Every structure is written in C-alpha cells, then in structure tokens.
Amino acid sequence: MRHLPSRTSRTTRRRVVGALATGLLCAAGVTAPAAVADPPKSGVSGSQGASAREASPTIDDGLALTPPMGFNNWNSTHCRAEFNEAMVKGIADIFVDKGLKAAGYQYVNLDDCWALPQRDANGKLVPDPARFPGGIKAVADYVHSKGLKLGIYTSAGTKTCSDIGFPGGLGHEYSDAQQFADWGVDYLKYDNCNNQGVDAKQRYRTMRDALKATGRPIVYSLCEWGSNKPWEWAADVGQLWRTTGDISDSWGSMLSLMKQNLPLAQYAGPGHWNDPDMLEVGNGGMTATEYRTHFSMWSIMASPLLIGTDLRKASAETLDILSNREVIAVDQDPLGKQGTVLSSEGGRWVVAKEMKDGSRVVALFNESGNAQRIATSADAVGLPHASAYTLRDLWQHKSYNTAGAISATVPAHGTVLVRVAADGKWAANPPAVELGLGGAPFVEAGKAARLTTSVTDLGRTPARRVSVALSGPSGWSVRPASPTGAGSVPTGKALTTSWTVTAPAGTATGAYDLSLKATYRSPGGVRAQSVLPLTAHVVVAPPAGASSLGDLPWLSTTNGYGPVERNTSNGESDAGDGHPITIGGVVYQKGLGVHADSAVEYYTGGSCERVSASVGVDDEKGTKGTVTFEIWADGKKVASTGTLTNADAAEPLSADVSGAQAVRLVVTDAGDGVDSDHADWGTRRCPASASPVSRGGPHVPSRLRPALERREDAQTT
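Residues numbered from 1 in each chain as written. Predicted model: local features only at pLDDT ≥ 70, side-chain atom pairs only at ≥ 80, totals over all residues. Heavy atoms only, no water.

Caption draft 1: Just the overall build of the chain, in detail. The helix and strand tally for the chain stands at 11 helices and 41 strands. Residue burial in the chain is summarised as follows: out of 717 residues, 57% are buried. (Helix = DSSP H or I, 4+ residues; strand = E, 2+ residues; numbered from the N terminus. Buried < 20%, exposed > 50% of the residue type's maximum accessible area, 1.4 Å probe, protein only.)

In structure tokens:
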C-alpha cells in the first residue's frame, strides 16, 4: 500500500471519474545505513537461509495454491478510529452471515495502525489497547472460531508507512514473526516504507526465513510495490507480491494498475501470484459498471481478491458483485493461469484465461467512454475446432450456443465476461445474439436524431420470432422507422432497425440512459432475451469560431488525481487548486491541466477541422512525470506523441478531425505508473479563418470550424 513522499505522506488525495474519490499511492523508502536483523533462532543467518532457498524456483509449502481471498480494512478506514476490534469481529460475522465465507473468502486482515508507536522494554510489538483491548490473539481466536483466518501488517523498514510512525520489522524479523505465530496469525502483509536503503531481496528473504522458523504456516504477501520487479525473484520468497503502487477508488487508478499487471501473466501460478492491490468495490468512487469491470479483471488476472469496503455498510449491489461465484471461480481455478491479452486496439480489450477443465474465460473490456463492439473467436482464444460451443455469460448467469463468434457491444467502462467451452451440450441452449448500435448517440434537445440498432445471431441455430425495442427516459420520443421484428434470423445475419430519437426541447445537457432489448426463441421454443444499456448525450452545437480547450464544454472526463482543470495545472485534489500551466518555463494562459491516466471528450458535431495544442509535463513536479498524449476522433487515434518527461520542452500536437462527431484527448502514464504525471494541453483562443476552406466538398463557413490552435503568445516566467 503506501505513499509516495513526493505526492503525499498520509494526506488523502482525490481522484476523479465524474465524482471525486479519495486515493493514495505507493513509494520507495528512505535511504540510510542498513539495519541488522535479530539473529535467527535456528542459528542460520538470514543471508545463508536465502542462499539455501534460491535453488528452488517456488516455495513448495502448499500455501495459497489459489489466490488469497478475504478482507483488508485499509481502503475503507485508513488509520481512523473506526478500525478496531469490533470492526474486525463484525467483518468475520458478515463473512459467515452473508455467504462470503461460503463463496471462498477466508482471510480477515488488519492493516497499518493496529500497534502502539513504541515497542515494549523487551522489544516486542504492543497492540493498541484502545483499538484492540483484548489483544490480537483474542481477535485471532474469534476469527478462527468462525472457520476463518487472520492477517496482520507491518513494514520491511524501521517504521510502517503511517505518519504516526508505528514500529516496522526491519531488524526485528525473527522476534516479530514469532509474535505473529504465537498470536495465531495466518497471513502477513509486509510493506516497504522506511526501508533504510537495505536491498529489497535481503529484507524480504529475511522475513521469509523468520516466518519459516516459527513453524506456523503463514501466507506471506510482499508489498514491495513492484519497485524491484519481485515477479522475477520472489517466487521462492512469498506467495504473492505487489506489482504496482497503491490503488485508489477511481477509474483512472484501477485502470492504470490493471495495465501494469496484465503483462506479467507468465509469473503467476499456484502458490505465487501477481498482486495489483486490493479491491475498491463498494467504496463509492466508481460506478456499478466500473466495479463489475474491476472485479472481472482482477479475477481473470488471477489476482488476490481482498475486499476493501466496510461490509457493515455494503449495499446489496456491492454484495452481489463480491459474491458472484461464477466470477470467483475464474479467479480460483486450480490451474492457476493468469489471463493474457489478445488485443487492446482502441481501448477494446480481449483478455483470455485457460481453465483447468479446458474451457476459456474471455473478458471483452471497453476502456473507452462510449459503447464499443469488441469481438474475438473460439479459435483465437485457444479452443479446439468444434461445430458449436457453449457460451456462458458470468454476470447474466445465462448460457447460449455460438458457432464460434465471441462478440458484444460493451458499454463504456464495462466488461462482458463469458466462459466458452467446446462441449456436446451446446444445442440445449438458445443462440447467442449480439446487440449493436449504429450512429453517434448525440442528441440536440428538440431535434430528432437518427440511430440504427442491430440484432445479430452468433449461434449455430437460428433465432426465431425476433423482436427488438429501444426505450429512453420519460418524455423522450423514441420511434421506429423500419421493422422491429423478424420471423427468423439465421446464423451470421441481423435484424436492423432505424429509430428517430428526440429529447424534449429544454432538456439539460448530459448523459441519459437508453435501453435496447431483444426477445427471441430457440428452434426448440426456448424463450431468450438480451438487453444492452446505452447512453445518449444531450449536447449543444459547438460555438462559432475558434475556441480554447479550456473554455469548451466537455462530454465527459476521467482523470488520475483530482478533477481536470480548466486553464490551470492539475492540483491533484479539489477543483481550482492548480497553478498557471507551465511547460519548460513557458506559461500558457489557456488549456487543460490533467493527471494521467486521463481522457477529456468533446462533442464537435462534424464542425471542427483541427485540434492543436502545445503539450508537455507541467513544471510543478520538478524532474518527475512521464506521459504520452493522444488525440482520438470518433474512436480512432489520429495523433500522438512519444514519451514526454519534464526535461522536454512543450511539443506541438495537432490532428485533422474533420467530420468527427466527438474528439477525445488522452494522456497515458507511458507505462511506468502514475507518479507525478501532471500533463498540460496548452492552448489559446484564436480568431477564426476569414474565408471558407475547401476539402474537396462543399464550403463550410468558418464559424462552423472551431479550430483549437496551439498558443502563439506564450509568456516566459
């Protein structure tokens, strides 16, 4: 878990995905002379013990043969007083009462702040009597009485990561490990703060040997933040290792960690797991769709599933996500394969995971802010050739047959998770259908917009008596302009329907829900239906003339830390806390201040010719920050930079976006995490062209071509 001193110590930051949410990030410790570990009771030094173990590539102790599942309090309580004995016991009760134990959750883990700031006269750790009046052993005994296990936390440094300064394990490994064993601890999370510059391999191997010396089976979680690539050396040290910095409760944070963890599939397996940090499901900073994506992707990555929300306050929707046994089975499959990326073009991700029974789980994940069609096939995900397959939707809990196509229109930030098998039972299921949307879902209030929907049969069998309906908010007019039904739709064919959609005059700008529903029957008469949630945006026409990016209304934003800022840099927390946009010592009066990973989308309605900006890393983070900038038009990348750092001067970035209905400005973390990635789109308001510009078609008045030009009158500080 833990925190970058350059960003924040224990100060809560905020990340934004529509609404604001709290967040923290990991970091390296402080450099100082190495500490000396207390001597091992066996008489074998920590370094000798490590050398003896290096011949074995993995630990053969039978622990964590599937990714650990449980709870950790940090994401919901941090160090607040509500983290106490009553909470921990209450979580254990909920595990049993709400069926989470039966679903596979096992560990109830304490994070930082459980101890007093000072050791006792004998150098022993002392539980905080205000938080844990009965002591840790009493809590462990209670958790064990429920058939569950207890976890605890400390750091591989002189102190833990809290600003309060609780004692860490560096130099006390054998004493602390024995205390944990005597208390009945079953899981240790070992953090990385205040590490005094001691080599990571040495620090973590010493604690490994100390845990082994106790004789108690304790799952060992290395929270080393991926700083020294533990996936390359820790398989014989612990059962899981952090591959990333800390997660926070935002779309940008979750997405960044997922992208860092996905390429490491080859290092995961029974007893040794990549850990992209705990779950944020239920903490309020993401939508239900985004939380289902979070849970889906952590499961297909065979990641530890450690609940990070206070289950005493959890909604029914949160519990439904966390207790989905079909998704949990993906994570807990005994083959232990982590899913691998087959494609990710344009934010359309296909990730496939081999299962022990020979089936494949496939995640169709939509990173973008608009619904997108994502497609693959049974052959592409590694299934053997067959005349047809059984396709199981793990969120809808429904089975279908498919001739081999695996495709769906996936809502923004959503994931369709399916399990596909070449079995002989496919004919018992109705054919899978794919619902689709054609046309840009942008509506100007009081004006009719034209949309086209499709119902495509993916199955080996035809879909019979097909009927489709499109519905919108109360008061909207949604009318079909072509047939909404068909007697039969054969394999690979589609029922296509045109619609006129009108929002009432005066409807406020914003996102509104639409729903596309298809009902049909299998050849045997089995009734089936499929529903696709869609989003329509009520928009206003772009303003006349040229405009600055910082002055235009946007459709949506996502941002790594804090809100996207207009005409200032990103301050990481509240709106308006930034500074003048400054790149390479040059100040820009207009533009956008963002933090990777970020996306800002504008409605351009086909009337914008070109987007231009001066882009770079803001000076306010000193030498830190590595980012890339991209411009997307109607879902296609039309311009990008390479990796930019604070050492680079502002770089001009420009793209022809003629005819595009929507333009999206994207900043990524350049693949190295989101530490101090303050990025600026520097622009100014420019006059419109005095005469029309010909592009081989009719002349377009300049007032309909708002070119977003790079700043020409930058001021030097």
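Caption draft 2: Representation of unusual backbone geometry within the structure. Cis geometry is adopted by the peptide bond preceding aspartate 597, which originates at alanine 596 and carries an omega value of -10°. Counting through the fold element by element, aspartate 597 comes out in the loop between strand 32 (590-595) and strand 33 (598-603). The backbone phi angle of aspartate 277 is positive, close to 95°, even though this residue is not glycine. Note that aspartate 277 resides in the loop between strand 9 (273-275) and helix 9 (288-300). Judged by relative accessible area, which is 2%, aspartate 277 ranks as buried. The backbone of glutamate 572 sits at a positive phi, close to 80°, despite the residue not being glycine. Within the secondary structure layout, glutamate 572 lies in the loop between strand 29 (565-566) and strand 30 (581-583).

Caption draft 3: Up close: the packing of helix 3 (residues 85-97) against helix 5 (residues 135-145). Contact geometry of helix 3 with helix 5 gives a least axis separation of 10 Å together with a crossing angle of 15°. Taken together, the axes of helix 3 and helix 5 lie roughly parallel to each other. Here the hand of the crossing between helix 3 and helix 5 comes out right-handed. Of helix 5, the residues touching helix 3 (which contributes Glu85, Val88, Lys89, Ala92 and Asp93) are Gly135, Val139, Tyr142 and Val143. (Axes fitted to C-alpha atoms, helices over the stretch in contact; angles between N-to-C directions. Parallel < 35°, antiparallel > 145°, perpendicular 65-115°, else oblique. Left-handed = near helix turned anticlockwise from the far one by under 90°. Contact = heavy atoms within 4.5 Å.)

Caption draft 4: Region of the structure containing the environment of phenylalanine 442. Mapped onto the secondary structure, phenylalanine 442 falls in strand 20 (residues 442-444). Judged by relative accessible area, which is 10%, phenylalanine 442 ranks as buried. For the pair formed by phenylalanine 442 and valine 540, sequence separation is 98 residues and the distance between their alpha carbons is 9.4 Å.

Caption draft 5: Seen up close, the side chain of aspartate 128. Note on placement: aspartate 128 falls in the loop between strand 4 (107-109) and helix 5. Discounting chain neighbours no more than four positions away, the residues touching aspartate 128 are Trp114, Ala115, Leu116 and Pro133.

Caption draft 6: Examining helix 9 more closely. The first and last C-alpha atoms of helix 9 sit 18 Å apart over 13 residues, in line with the 18 Å expected at 1.5 Å per residue. Along helix 9, 11 of the 13 residues are buried, which leaves the element largely enclosed by surrounding structure. Burial in helix 9 covers these residues: Ala288, Glu290, Tyr291, Thr293, His294, Phe295, Ser296, Met297, Trp298, Ser299 and Ile300. (Expected span 1.5 Å × (residues − 1).)

Caption draft 7: Highlighting the environment of lysine 517. Here lysine 517 shows up in strand 26 (residues 510-521). For lysine 517 and alanine 469, which are 48 residues apart along the polypeptide, the C-alpha to C-alpha distance reads 5.3 Å.

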